Amino acid sequence: MPENLCDPSHTISCPQYMALIRGENSRKFYWILTIRRRTLKILYIMFILILTAVGSSELPTTNVNHSESSRYLDASSFVFNNIAVDMQNNGMLVDYHLTGHSGMEWPNGSGKYIDFQAGIWFAGKVSDQIRTAVAEYGPEFVPGPFGSDPNDYENRFYYITKYDLENPLESSDIINWPWMQGAPWIDVNDDGYYDISDGDLPDMHGDFMVWYIANDADTSGHTVFGTDPLNIEMSVLQWGYIDAFNNVSLQNMIFTQVQFQNKGEDQIDDMYISLW
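Residues numbered from 1 in each chain as written. Predicted model: local features only at pLDDT ≥ 70, side-chain atom pairs only at ≥ 80, totals over all residues. Heavy atoms only, no water.

**Thoughts on the overall build of the protein**
Item 1. Helix and strand counts for the protein stand at one helix and 18 strands.
Item 2. A total of 276 residues make up the protein; the buried ones form 51% of that total.
Item 3. Contacts spanning at least 24 positions in sequence make up 62% of the contacts within the protein whose residues lie at least 6 apart.
Item 4. As displayed, the protein has an accessible area near 13000 Å², and 49% of this comes from carbon and sulfur atoms. (Helix = DSSP H or I, 4+ residues; strand = E, 2+ residues; numbered from the N terminus. Buried < 20%, exposed > 50% of the residue type's maximum accessible area, 1.4 Å probe, protein only. Contact = heavy atoms within 4.5 Å. Areas by Shrake-Rupley, 256 points an atom, 1.4 Å probe, with all protein chains shown as cover.)

Written out as structure tokens, the structure is:
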């Protein structure tokens, strides 16, 4: 088994090995990441959902209403392209709670649903004791950076399209882009400070993208497996294409990049990461 995984003292990533396992449901796939040697503090994972459908050439309308809820969540419905997804900013990449039915519709507008629920899973050992941080039917993550107040309004979804970049001052999410939390951006003059007046903008991925940050430090939220927190912080960036290279296949994909850090004082060994 791998040793010294996610040691807080390390800052350089290690090689990653992925295996794609097909589940009993032919439309359900699970990515399992196994790390073979000592790692760093920051690690990236990429998930790609690939479907097959007839393409569309228009940028879809997305319902982005930052909600107020008793569990300080931001829950929204996003239309990436031919895929429409309900999700929350706590690692739940597909979420049925918004509607009571399956959270992923494909093709968009068809009334056909292909995924009920999906989320990101982490599991590792701290002093030989297994700990988890998972997003299942209920999440073990809360919104916001490690140590922050999850009730803060800034701990929410940030959604922009490529057309927003043409008039950045008309987009509140571009104006308030959470660069201090680690959201990707382009520093035009290399001064280390995000300033739209200098030409700084979010680092656009695809034709439209969503970004948020979450952590698993809330002990009361660990109800799925009942372990202590791993004390990790993760940022999630999702994007899609509607007309890139006139490629119909890209209109049926959602790209998801996850970056996570060990923010606690404990070393995590034998870490496994999966898309559930």
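Read on, since the account is not over.
**A short note on the packing of aromatic side chains**
Item 1. Going through the model one piece at a time under the given rule, you end up with 19 aromatic pairs.
Item 2. Note on Phe78 and Phe157: the rings are 5.0 Å apart at their centroids and 80 degrees apart in plane angle, and the pair reads as edge-to-face. Of this pair, Phe78 sits in strand E4 (residues 75-79) while Phe157 sits in the loop between strand E11 (142-143) and strand E12 (158-161); the two residues are 79 residues apart in sequence, bridging distant segments of the chain. For the pair formed by Phe78 and Phe157, the shared burial category is buried.
Item 3. Pairing Tyr241 with Phe255 gives two aromatic rings, centres 5.8 Å apart and planes at 90 degrees, and the pair type is edge-to-face. Remark: Phe255 occurs in strand E17 (residues 253-262) and Tyr241 occurs in the loop between strand E16 (232-240) and E17; sequence separation between them is 14 residues.
Item 4. Cluster of aromatic residues (ring-pair linked, three or more members): Phe78, Phe80, Phe157, Tyr159, Phe208 and Tyr212.
Item 5. The residue whose ring lies beneath Arg156 is Tyr158, and the NZ or CZ to ring-centre distance is 4.1 Å. (Phe/Tyr/Trp six-rings, centres within 6.5 Å; stacked < 30°, edge-to-face > 60°. Lys NZ or Arg CZ within 6 Å of the ring centre and 35° of its normal.)

**Focus on the confidence of the model for the protein**
Item 1. Residue-level pLDDT values for the protein average 78, and 72% of them are 70 or greater.
Item 2. The spread of mean pLDDT over the elements of the protein runs between strand E1 (residues 17-22), the lowest at 28, and strand E14 (residues 201-202), the highest at 98.
Item 3. Considering only residues more than four positions removed or in separate chains, one finds that residues 1-42, a stretch of pLDDT under 50, has 110 contacts. (pLDDT = per-residue confidence, 0-100.)

**Some points on the environment of Ile130**
Item 1. Locating Ile130 in the fold gives a position in strand E10 (residues 129-134).
Item 2. Judged by its relative accessible area of 56%, Ile130 falls in the exposed class.
Item 3. Between the alpha carbons of Ile130 and Asp269 there is a distance of 9.4 Å; along the sequence they are 139 residues apart.
Item 4. Excluding anything up to four places from it in sequence, Ile130 contacts Gly124, Lys125 and Thr227.

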